[in-house]
Amino acid sequence: MRVVDEVRHELGIRRNLRVFVQNSVSSPALTASFFPKLILPVSLLGNPGQLRFAVRHELVHFKRGDYIVCLLMLALRAVYWFNPVVWLMQKPIKTDMETACDNIATAPLPLEEKKAYASTILEMFSGRMCPQPVLGMSLQNNKKTAEKRIGGIFMKNNTKKGIKLISVFAAALLAVVCFT
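Everything in this summary refers to the structure shown in the same document. (Residues numbered from 1 in each chain as written. Predicted model: local features only at pLDDT ≥ 70, side-chain atom pairs only at ≥ 80, totals over all residues. Heavy atoms only, no water.)

## Structural notes on the sheet that holds strand β2 (residues 29-30)
Turning to step 1, where the next piece is worked out: Taken in spatial order, the 3 strands make up an open sheet running β1-β3-β2, and their pairing is mixed. Either end of the sheet is taken by a strand with one partner, and the two such strands are β1 (18-22) and β2. (Pairing = 2+ DSSP bridges. Helix = DSSP H or I, 4+ residues; strand = E, 2+ residues; numbered from the N terminus.)

Next comes the structure, spelled out in structure tokens:
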């Protein structure tokens, strides 16, 4: 598919990704597997702008390795099925992944395209585009999620190295504590 190859090239992704266009899905998705696949709904093929936004968003998930995070969350749920924290952590992690993808996907775009991307998200949350949710709308459609995602589009990327280092250390510490 030409648009997928163009966006893949724009994002600097060398690895090929299998693409499936299906009638049975209403939202684009990147499968959570060791060999992820991009699934696109047939309904998006009629709207080139939304198709490009959706492909860009899903390929950013691919480039960031979010499918691996989803696999890890599945493994944690399987092992710690009895722990409510494991179940409660899913929503904020997925919301943050979506917000980060929105930010990265729109960072190089001009302001007018960012506004169009944000408008697409608003239309989905308002229900005017039902039943065709795109751009990772497997999350619940509520005002707070929409605000966070739109904020992500216009957010500046200025996380300091010290904060990143502390975050990695905290995650490693949590992993050691949880698995021992």
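## Points about the nonpolar core
Turning to step 1, where the next piece is worked out: Counting residues in hydrophobic clusters, the biggest one holds 26 residues, and the most contacted among them are V4, V55 and L59.
Turning to step 2, where the next piece is worked out: Mapped onto this core, the elements with two or more residues apiece are α1 (2-11), β3 (37-41), α2 (48-64), α5 (90-106), α6 (111-126) and α7 (143-153).
Turning to step 3, where the next piece is worked out: Sequence-distant contacts of V55, defined by excluding residues within four places in its chain, comprise V3, V4, V7 and L40. (Core = buried A, V, L, I, M, F, W, Y, C linked by side-chain atoms within 4.5 Å. Buried < 20%, exposed > 50% of the residue type's maximum accessible area, 1.4 Å probe, protein only. Contact = heavy atoms within 4.5 Å.)

## A word on the packing of aromatic side chains
Turning to step 1, where the next piece is worked out: By the definition in use, this model includes 4 aromatic pairs.
Turning to step 2, where the next piece is worked out: Relative to F82, the ring of W81 has its centre 5.7 Å away and its plane inclined at 90 degrees; by these criteria the two rings are edge-to-face. Each member of the pair W81 and F82 is classed as exposed.
Turning to step 3, where the next piece is worked out: Site record: aromatic cluster; members linked through ring pairs are Y80, W81 and F82. (Phe/Tyr/Trp six-rings, centres within 6.5 Å; stacked < 30°, edge-to-face > 60°.)

## What to know about α1
Turning to step 1, where the next piece is worked out: V3, V4, V7, R8 and L11 are the residues of α1 that are buried. Buried residues in α1, looked at end-on, bunch into an arc of 135 degrees, giving them a common side. Along α1, the residues that are exposed and aim more than 90 degrees away from the buried face are R2 and H9.
Turning to step 2, where the next piece is worked out: The positive-phi residue at the C-terminal boundary of α1 is G12, with phi of around 75 degrees. (Arc of directions from axis to C-beta.)

## Notes on the state of the cysteines
Note on terminology: a disulfide is the covalent bond linking the sulfur atoms of two cysteines.
Turning to step 1, where the next piece is worked out: One pass over the full model with this rule turns up 0 disulfides.
Turning to step 2, where the next piece is worked out: No disulfide involves C70; its nearest neighbouring cysteine sulfur is the one of C101, lying 9.8 Å away. (Disulfide = S-S within 2.5 Å.)

## Observations concerning the pairing of β3
Turning to step 1, where the next piece is worked out: The buried fraction of β3 amounts to 4 of the 5 residues, a majority that puts the element mostly inside the structure.
Turning to step 2, where the next piece is worked out: Direction of pairing for β1 relative to β3: parallel, over a ladder of 5 bridges. Paired with V21 across the bridge in β3 is L40.
Turning to step 3, where the next piece is worked out: The pairing of β2 with β3 spans 2 bridges and is antiparallel. Opposite L30, over in β3, you have L38 as the bridge partner.

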